[in-house]
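# Descriptive analysis of the structure
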Number of protein chains: 2
Amino acid sequence: MSSQRATAFVPGHVTAFFSAHPADEPAVAGSRGAGVTLTDGVTVRVSAPAGETDAATGGDGGAASDGPGSRTIDGEPGSIGAVDDVLAELGARGADVAVETDLPIGAGFGISGAAALGAALAANDAFDRGRSENDLVRIAHAAEVGRGTGLGDVVAQARGGVPVRLEPGAPGVGELDGVPATARVEYVTFGELSTEAVLGGDTDALTAAGEDALDRLRADPRLPTLMDAARRFAREADLLVPEAAEAIAAVDADGGSPESSGSPDDLGAAMAMLGRTVFALGTGLSDAGYDPNVCRIDAAGARLVDERGRE
Amino acid sequence: MSSQRATAFVPGHVTAFFSAHPADEPAVAGSRGAGVTLTDGVTVRVSAPAGETDAATGGDGGAASDGPGSRTIDGEPGSIGAVDDVLAELGARGADVAVETDLPIGAGFGISGAAALGAALAANDAFDRGRSENDLVRIAHAAEVGRGTGLGDVVAQARGGVPVRLEPGAPGVGELDGVPATARVEYVTFGELSTEAVLGGDTDALTAAGEDALDRLRADPRLPTLMDAARRFAREADLLVPEAAEAIAAVDADGGSPESSGSPDDLGAAMAMLGRTVFALGTGLSDAGYDPNVCRIDAAGARLVDERGRE
């Protein structure tokens, strides 16, 4: 619909483990692995300037706009590279784009991927570009990979739930499955960690550990196995930061993990890849005395939302 | 999690158009086409008998249970063939299964597919069977195809939104895309229509019309094109029943379609395949004086729900 204004919500995504699979073509590049999408996420609002919603004027490179529109992040001026690339691809650089999130930025929640995917969904709607869902996910994935800010968040965020990335890449190239589950999620963040620095270095050990973790989860696609594989991955890939190790141990000591508790709802904690963030399924972090943010596994994945509330 | 009790919600699905692609292997059989998933759907509650949740006892044919548990549909005793087949496949025939829906049965909303998929998700959780999402969708799809009650509802209901079935079959075989959209949905039902009778007859003309409709939607994946393709499909496939033709014409005459109204929110009405049901995107049916049920496009697709409400 040519609505001129559109809003999309994209869940946050914490990666439990991954292996990196770079490639020259951005739609083919990506990661294998698994993670958890969150009901805490990113909302992207896109407004098309008057006269910019004719489908005939764009979709092939951004020639339709004289210059970029406004860009804000949580109300302050600010732009995200992958978002700009998505808008250029959709001929929507003239859009006003507002990105809002309660999640901490740079802490392993896939904010840049979520913003890129939300911008793709909302700009497609506001500018009436007539792209399909797979096409929009591919555009956002390629923008994220091209900027070096992520490899697997976009396809995971598009699916929702507990996505398992069986094969890397955009829709039509990659392949997804999921762990069927709903759960409470708690998380605490201790600061930023650069995705680009880790992904730009030697990733051989990381990839071996990630492939092992994926094999284990495919053999037993359940949440306890996901969390156990995540903890082992962080150690084997040498990515565990001290604050995260301390929090994971505190959850374990307090009975908040399946090894130390009789309750199947206590699934322990793990470190979000890549961020100085620890997430727990159940109440492990709050039981251990932390003051975590609380949300749930997001069942839906990325979606347009109707803020006019028509029913 | 070995919860012993589990609940799943699966959206209703109205098919706009389709082509039938039978095959000897149920996971390969299916349909191409497109439709709309609904926030009105089917809730399936599964309870495992005591001692039945050990993963070692089942998952390979139902030998774990002495006999079938209770089966209800909207509180009355009743069973659905595809649900029984799903439970047998998961070694969960001893489960008590309650299917509840506000949707009319036999009217084109994919109730049997939704019940099969909901039973798969809930039984996997209650019996701790450790199957992946793709595996559960495949099991439900195969059961539905095996019973002859549907070809494409299950994979569409698993995805949610406005699913486009590019290639027929279960996950790993078929291929999906989607029309990115949110909208109000209205529907009215005039009675039952047998899916088995239509799918069992000569489907050549139907399949040709369905392939044409899919080509049109792939070239322009927007809601107005979906609804226009659906109306043309119903005529060309000779499936339009008189009550549906009358309601669609009434919506059109009242300005509730894009051809007769200036509003992009009025997208007209079409007949649900296969049922004596007309659905409209927007307010076309209520504007035309009908008293429709009202819901929205479901963004999430099939999911486990936590009825304990932990947050």
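Residues numbered from 1 in each chain as written. Chains lettered and ligands numbered in written order. Predicted model: local features only at pLDDT ≥ 70, side-chain atom pairs only at ≥ 80, totals over all residues. Heavy atoms only, no water.

For chain A, an unreviewed UniProt entry supplies the name Pantoate kinase and the organism Halorubrum distributum JCM 9100. Its UniProt record gives chain A the following Sequence similarities (unreviewed entry) comment, quoted word for word: "Belongs to the GHMP kinase family. PoK subfamily." (UniProt positions renumbered as here; feature names shortened; annotations may be inferred.)

What follows deals with the pattern of salt bridges. The tally for this structure, following the rule as stated, stands at 33 salt bridges over all chains. Notably, a salt bridge pairs A:Asp220 with A:Arg222, separated by 2.5 Å at the nearest N-O pair. Using a relative accessible area of 18% as the deciding quantity, one classes A:Arg222 as buried. Linking B:Arg138 and B:Asp135 is a salt bridge whose minimum nitrogen-to-oxygen distance equals 2.7 Å. Separated by three residues within a single helix, B:Arg138 and B:Asp135 lie in helix α3 (residues 133–147), roughly one turn from each other. Exposure remark for B:Arg138: the relative accessible area of 29% places this residue in the partly exposed category. Each of the salt bridges in this network shares a partner with another, and the network as a whole consists of A:Arg32, A:Glu167 and A:Glu211. (Salt bridge = Lys/Arg side-chain N within 4 Å of Asp/Glu carboxyl O. Buried < 20%, exposed > 50% of the residue type's maximum accessible area, 1.4 Å probe, protein only. Helix = DSSP H or I, 4+ residues; strand = E, 2+ residues; numbered from the N terminus.)

With that settled, the discussion passes to the sheet that holds strand β9 (residues 269–271) of chain A. Residues and elements named next belong to chain A. Taken together, the four strands give an open sheet; going across it, the order is β9-β10-β8-β11, and neighbouring strands pair in antiparallel fashion. Across the chains shown, the open sheet's two edge strands, defined by having one partner strand only, are β9 and β11 (293–296). Each strand axis lies, on average, 25° off the axis of its neighbour in the sheet, ignoring direction. Relative to the sheet, helix α7 (residues 223–236) contacts β9 and β10 (277–281), its axis offset from that of β9 by approximately 45°. (Pairing = 2+ DSSP bridges. Axes fitted to C-alpha atoms, helices over the stretch in contact; angles between N-to-C directions. Contact = heavy atoms within 4.5 Å.)

Here we take up the interface of chain A and chain B. Every contact between the two is made by 40 residues of chain A and, on the other side, 40 residues of chain B. Counting the surface lost from both chain A and chain B, the interface buries some 3400 Å², and carbon and sulfur atoms represent 49% of this. Taken together, the links from chain A to chain B amount to six salt bridges. Residue B:Asp128 pairs with A:Arg222 through a salt bridge whose shortest N-O separation is 2.7 Å. Taken together, the connections running from chain A to chain B amount to 17 residue pairs in polar contact (both at pLDDT 80 or more). Secondary-structure elements contributing two or more residues to the side of chain A that touches chain B are α2 (111–126), α3 (133–147), β7 (175–178), β11 and β12 (303–305) of chain A. For the side of chain A that touches chain B, the per-class residue count stands at 18 nonpolar, seven polar and 15 charged. (Buried area = accessible area lost by both parts, 1.4 Å probe. Polar contact = N/O pair within 3.5 Å; in protein donor to acceptor, adjacent residues only side chain to side chain. Nonpolar A, V, L, I, M, F, W, Y, C, P; charged D, E, K, R; others polar.)

The next point concerns the packing of helix α1 (residues 81–89) of chain B against α3(B). Residues and elements named next belong to chain B. Across the interface, α1 lies against α3 with an axial gap of 8 Å and an inter-helix angle of 135°. When the interaxial angle is binned, α1 and α3 end up oblique. By crossing handedness, the relation of α1 to α3 is classed as right-handed. In this structure, α1 uses Gly-81, Ala-82, Asp-85, Val-86 and Glu-89 to contact α3, whose residues at the interface are Ile-139, Ala-140, Ala-143, Glu-144 and Arg-147. Among the residues forming the contact of α1 with α3, the class breakdown is five nonpolar, one polar and four charged. (Parallel < 35°, antiparallel > 145°, perpendicular 65-115°, else oblique. Left-handed = near helix turned anticlockwise from the far one by under 90°.)

Before going further, it helps to spend a moment on the sheet that holds strand β11 (residues 293–296) of chain B. Residues and elements named next belong to chain B. Taken together, the four strands give an open sheet; going across it, the order is β9-β10-β8-β11, and neighbouring strands pair in antiparallel fashion. Two strands close off the open sheet at either side, each with one partner strand: β9 (269–271) and β11. Strand-to-strand twist of the sheet, defined as the mean angle between neighbouring strand axes without regard to direction, takes the value 25°. When β9 meets strand β10 (residues 277–281), the two strands line up antiparallel, connected through three bridges. Looking at the pairing, Ala-269 lines up with Ala-280 of β10. Sheet strands in contact with helix α7 (residues 223–236) are β9 and β10, and its direction is about 45° off that of β9.

Attention now moves to unusual backbone geometry. Residue and element names in this part refer to chain A. Of note, the amide linkage connecting Met-273 to Leu-274 takes the cis form, showing an omega dihedral of 5°. Along the chain, the position of Leu-274 falls in the loop between β9 and β10. At Asp-74, a position not held by glycine, the phi torsion is positive, near 50°. In this structure, Asp-74 sits in the loop between β3 (71–73) and β4 (76–77). Taking the relative accessible area as the measure of exposure, Asp-74 reaches 39% and is therefore partly exposed. The residue Asp-128 is not glycine, and still its phi comes out positive at about 55°. Its place among the elements puts Asp-128 in the loop between α2 and α3. Given a relative accessible area of 16%, Asp-128 falls into the buried group.

Attention now moves to the packing of aromatic side chains. All names here are of chain B. Counted according to the given criterion, the structure contains six aromatic pairs over all chains. Arranged with centres 5.8 Å apart and planes meeting at 55°, the rings of Phe-18 and Phe-233 form a pair that is tilted. Taken as a pair, Phe-18 in strand β1 (residues 5–21) and Phe-233 in helix α7 lie far apart in primary sequence, 215 residues in all. Judged by relative accessible area, which is 6%, Phe-18 ranks as buried. Phe-233 sits in the buried class, given a relative accessible area of 1%. (Phe/Tyr/Trp six-rings, centres within 6.5 Å; stacked < 30°, edge-to-face > 60°.)

Another point: α2(A). All names here are of chain A. Helix length check: α2, at 16 residues, gives a terminal C-alpha distance of 22 Å against a target of 22 Å (1.5 Å per residue), a fit within 8%. Among the 16 residues of α2, 16 are classified as buried, and the element is accordingly described as predominantly covered. With its phi angle positive at about 55°, Asp-128 sits one or two positions after the end of α2. (Expected span 1.5 Å × (residues − 1).)

Our next topic: the confidence of the model for chain A. For chain A, per-residue confidence averages 90 on the pLDDT scale, and 87% of positions sit at 70 or higher. Segment residues 55–65 of chain A: pLDDT under 50, and 25 contacts once partners within four positions in sequence are set aside and those in other chains are kept. (pLDDT = per-residue confidence, 0-100.)

Residues in a regular strand point their side chains to alternate faces of the sheet. Residues and elements named next belong to chain B. Among the five residues of β10, five are classified as buried, and the element is accordingly described as predominantly covered. Residues of β10 alternate between two faces, with Thr-277, Phe-279 and Leu-281 on one and Val-278 and Ala-280 on the opposite face, all of them buried. Bridge count between strand β8 (residues 184–189) and β10: five bridges; the pairing is antiparallel. Opposite Val-185, over in β10, you have Leu-281 as the bridge partner.

Moving on, we come to the environment of A:Gly33. All names here are of chain A. Looking at the element boundaries, Gly-33 is found in strand β2 (residues 30–47). Looking at Gly-33, the relative accessible area reads 0%, which means it is buried. C-alpha separation for the pair Gly-33 and Leu-214, spaced 181 residues apart in sequence, amounts to 6.0 Å. Discounting residues that sit within four places of it in the chain, Gly-33 has contacts with Phe-17, Phe-18, Pro-163, Val-164, Arg-165 and Leu-214.

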